[in-house]
Amino acid sequence: GRTQNLNVGDNTIEVLVRAESGHEETYTIAIRRKSNDATLKSLTVTSAQGSLSETFKPGTTTYTYTVGPDVTEITVNGVKNHDKASVAGNRTYNLSEGHADIVVTAENGNINTYTINFARTKSANADLSALSIQGRTLTPSTFNNQRTQL
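Residues numbered from 1 in each chain as written. Predicted model: local features only at pLDDT ≥ 70, side-chain atom pairs only at ≥ 80, totals over all residues. Heavy atoms only, no water.

Enquirer: Sorry if this is basic, but what is going on with the nonpolar core here?
Expert: Side chains of a nonpolar character, in soluble globular proteins, are inclined to be buried together. Formed by 21 residues in total, the largest nonpolar core has its most connected members in L43, I74, V76, I102 and I116. Sequence-distant contacts of I102, that is, excluding residues within four places in its chain, are made with L40, L43, V76, V87, A88, G89, N90, Y93, N112, T113, Y114 and I116. (Core = buried A, V, L, I, M, F, W, Y, C linked by side-chain atoms within 4.5 Å. Buried < 20%, exposed > 50% of the residue type's maximum accessible area, 1.4 Å probe, protein only. Contact = heavy atoms within 4.5 Å.)

As structure tokens, this is what we get:
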């Protein structure tokens, strides 16, 4: 007997069988080795503004995406490394969801999950948006950084 290493994908092995009489017959065996690659080739996270905690690396599965105080939606897109893998979770997320999970399933069923946690920077806006005093409501147009007489 002999050992044959299999590559991912289609493999062909020929086996020669010799009878006691000397008659030979060659058999061809086709074997498909499924890929176990459940990684991403790239990961893109986009919004009106924001930054990923570090540069994407296929072996790193947890990231933080930090956005400004006014961002409400984040779009996540992961591209599979192997063409026989599948990717779930590519979509637009509401920031209130807290995180995005991108799940990559290899051809052989192996699963790898990439998690992007959402973080928001604190607002530097100290402006009033409205002010109510004894039943009267003032709006920014009536007090825009000026002294207002009631």
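Back to the text.
Enquirer: Hey, could you run me through the sheet that holds strand β3 (residues 40–46) in this one?
Expert: Sheet strands pair via backbone hydrogen bonds, and the direction of the pair is either parallel or antiparallel. Read from one edge to the other, the open sheet built from three strands follows the order β3-β6-β8, with strand pairing classed as antiparallel. At either margin of the open sheet sits one strand with a lone partner, and together these are β3 and β8 (91–94). Neighbouring strand axes in the sheet, compared pairwise and without regard to direction, differ in orientation by 25° on average. By the bridge criterion, six bridges tie β3 to strand β6 (residues 73–80) in an arrangement that is antiparallel. Among the inter-strand pairings, L40 is bridged to a residue of β6, identified as K80. (Pairing = 2+ DSSP bridges. Helix = DSSP H or I, 4+ residues; strand = E, 2+ residues; numbered from the N terminus. Axes fitted to C-alpha atoms, helices over the stretch in contact; angles between N-to-C directions.)

Enquirer: I tried to follow the sheet that holds strand β7 (residues 86–88) on my own but got confused; where do I start?
Expert: Taken together, the five strands give an open sheet; going across it, the order is β4-β5-β10-β9-β7, and neighbouring strands pair in mixed fashion. Both edges of this open sheet fall to β4 (51–52) and β7, since each of them pairs with a single strand only. Sheet topology note: the strand β9 (residues 99–105)/strand β10 (residues 111–120) ladder contains seven bridges and is antiparallel. Counterpart to H99 in the pairing with β10 is N117.

Enquirer: Would you mind showing me how to read the packing of aromatic side chains here?
Expert: Each pair of aromatic rings is reported with the distance of its centres and the angle of its planes. Scanning the model with the defined rule gives three aromatic pairs in all. Between F56 and Y114, the aromatic rings sit 6.0 Å apart at their centres with planes inclined by 45°, giving tilted as the arrangement. With a gap of 58 residues between them, F56 in the loop between β4 and β5 (62–67) and Y114 in strand β10 connect regions that are remote in the sequence. Owing to a relative accessible area of 0%, Y114 belongs among the buried residues under this scheme. (Phe/Tyr/Trp six-rings, centres within 6.5 Å; stacked < 30°, edge-to-face > 60°.)

Enquirer: Where do I start with the pattern of salt bridges in this structure?
Expert: Two side chains bearing opposite charge may form a pair once their charged atoms approach each other closely. By the definition in use, this model includes five salt bridges. The residue R32 makes a salt bridge to D10 at a minimum N-O spacing of 3.3 Å. Residue R32 is found in strand β2 (residues 24–33), and its partner D10 is found in strand β1 (residues 9–18); the two are separated by 22 residues along the sequence. You can call R32 partly exposed: its relative accessible area is 38%. Classification of D10 by relative accessible area gives exposed; the value is 65%. Salt bridges linked by common partners bring D10, R32 and E107 together as one network. (Salt bridge = Lys/Arg side-chain N within 4 Å of Asp/Glu carboxyl O.)

Such coordinate-based values are descriptive only and should not be taken to indicate function.
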